[in-house]
Amino acid sequence: MSESKAAPRKSDAAPTSATTEDGADVNCDECDTAARLGLSTEQGAAVTRDASRAMGTDLSLPHIEAAAKIFSLLGDAGRLQLVLRCIEKPQTVGELADATNMSQSLCSHHLRHLRDQRILASERRGRHIFYQIDDEHISRVVRDVFAHVTHD
């Protein structure tokens, strides 16, 4: 059903390691991920530990990075509007562009990013590609945020 791109592959090169202040070895892939997030290696380890504890499951820094990317994408009002339209029903690029007053090019650009992060899924029907929410997790997140901001 989804024409989403696969997650990026890890490098085939052998990972190197670094050492934290407490002497623990850290995979440099983790260092790279921490750096992309603007965190030190120690901060990356701390946020991973805290998120794992809060969620009750082992998480890695790439999980933190993926979650941050989703929140970042949903933080843009134009992309949020596209997601809200797709919660209602599957829609084509043309329908979404018209409804949001975006050019089809800009709309497609946003949709590609939303699809890459599995916020939206795409399905070809004849000559048209329809975009819809990838799964109920995203619908719940968006609905819960709006419930939160309207709660007294």
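Scroll up to find the structure this text is about.
Residues numbered from 1 in each chain as written. Predicted model: local features only at pLDDT ≥ 70, side-chain atom pairs only at ≥ 80, totals over all residues. Heavy atoms only, no water.

Participant: Describe in detail the packing of helix α5 (residues 93–100) against helix α6 (residues 104–116), supporting the description with residues and values.
Facilitator: Viewed as axis vectors pointing N to C, α5 and α6 meet at an angle of 110 degrees, and their least axial separation amounts to 9 Å. On the basis of the axis angle, α5 is roughly perpendicular to α6. Taken as a pair, α5 and α6 cross one another with a handedness that is right-handed. Here α5 contributes Val-93, Gly-94, Leu-96 and Ala-97 to the contact with α6, which in turn contributes Gln-104, Cys-107, Ser-108 and Leu-111. In terms of residue class, the contact of α5 with α6 is built from five nonpolar, three polar and no charged. (Axes fitted to C-alpha atoms, helices over the stretch in contact; angles between N-to-C directions. Helix = DSSP H or I, 4+ residues; strand = E, 2+ residues; numbered from the N terminus. Parallel < 35°, antiparallel > 145°, perpendicular 65-115°, else oblique. Left-handed = near helix turned anticlockwise from the far one by under 90°. Contact = heavy atoms within 4.5 Å. Nonpolar A, V, L, I, M, F, W, Y, C, P; charged D, E, K, R; others polar.)

Participant: Requested: an account of helix α7 (residues 136–150), with residues and values cited.
Facilitator: For α7, which comprises 15 residues, the first-to-last C-alpha distance of 21 Å matches the rise-based estimate of 21 Å (1.5 Å per residue) to within 8%. Three or more residues of α7 are buried, namely Ile-138, Ser-139 and Val-142. Looking straight down α7, one finds that the buried residues subtend no more than 105 degrees of arc, so they occupy a single side. Among the exposed residues of α7, those oriented more than 90 degrees off its buried face are His-137, Asp-144 and His-148. Of the surrounding secondary structure, the elements contacted by the buried residues of α7 are α3 (61–74), α4 (77–88) and β5 (128–133). The backbone nitrogen of His-137 has a side-chain oxygen 2.9 Å away, supplied by the residue at the start of α7, namely Asp-135. (Expected span 1.5 Å × (residues − 1). Buried < 20%, exposed > 50% of the residue type's maximum accessible area, 1.4 Å probe, protein only. Arc of directions from axis to C-beta. Polar contact = N/O pair within 3.5 Å; in protein donor to acceptor, adjacent residues only side chain to side chain.)

Participant: With reference to specific residues and values, describe the layout of surface pockets.
Facilitator: When its volume is computed, the second largest pocket comes out at roughly 210 Å³. Put simply, the parts of the chain that give the lining of the second largest pocket at least two residues each are α2 (41–55) and α3. Of the residues in the lining of the second largest pocket, the class split is six nonpolar, one polar and no charged. (1 Å grid on protein atoms, 1.4 Å probe; cavity = no way out; pocket = protein on both sides within 12 Å on 5 of 7 lines; lining within 4 Å. Points joined across faces, edges and corners; volume = space filled by probe spheres on them.)

Participant: If you had to explain the pairing of β5 to someone new, which residues and values would you point to?
Facilitator: One ladder, built from two bridges, connects strand β3 (residues 91–92) with β5; its direction is antiparallel. For Thr-92, the partnering residue across the bridge sits in β5 and is Phe-130. Pairing of strand β4 (residues 120–125) with β5, which is carried by six bridges, proceeds in the antiparallel orientation. Within the sheet, the bridge partner assigned to Arg-125 lies in β5 and is His-128. A loop of two residues connects β4 with β5, the two strands running antiparallel in sequence, and Gly-126 in this loop sits at a positive phi of about 65 degrees. (Pairing = 2+ DSSP bridges.)

Participant: Could you give an account of the environment of Leu-39, with specific residues and numbers?
Facilitator: Tracing the backbone shows Leu-39 in the loop between α1 (28–36) and α2. Judged by relative accessible area, Leu-39 falls into the partly exposed class, the value being 27%. Beyond its immediate sequence surroundings of up to four residues, Leu-39 is in contact with Ala-34, Gly-44 and Val-47.

Participant: Residue-level account of unusual backbone geometry, with values.
Facilitator: Of note in the backbone geometry, Asn-101 takes a positive phi value of approximately 60 degrees without being a glycine. Residue Asn-101 is classed as exposed on the basis of its relative accessible area, which comes to 72%. Even without being glycine, Arg-118 reaches a positive phi, approximately 60 degrees. Tracing the backbone shows Arg-118 in the loop between α6 and β4.

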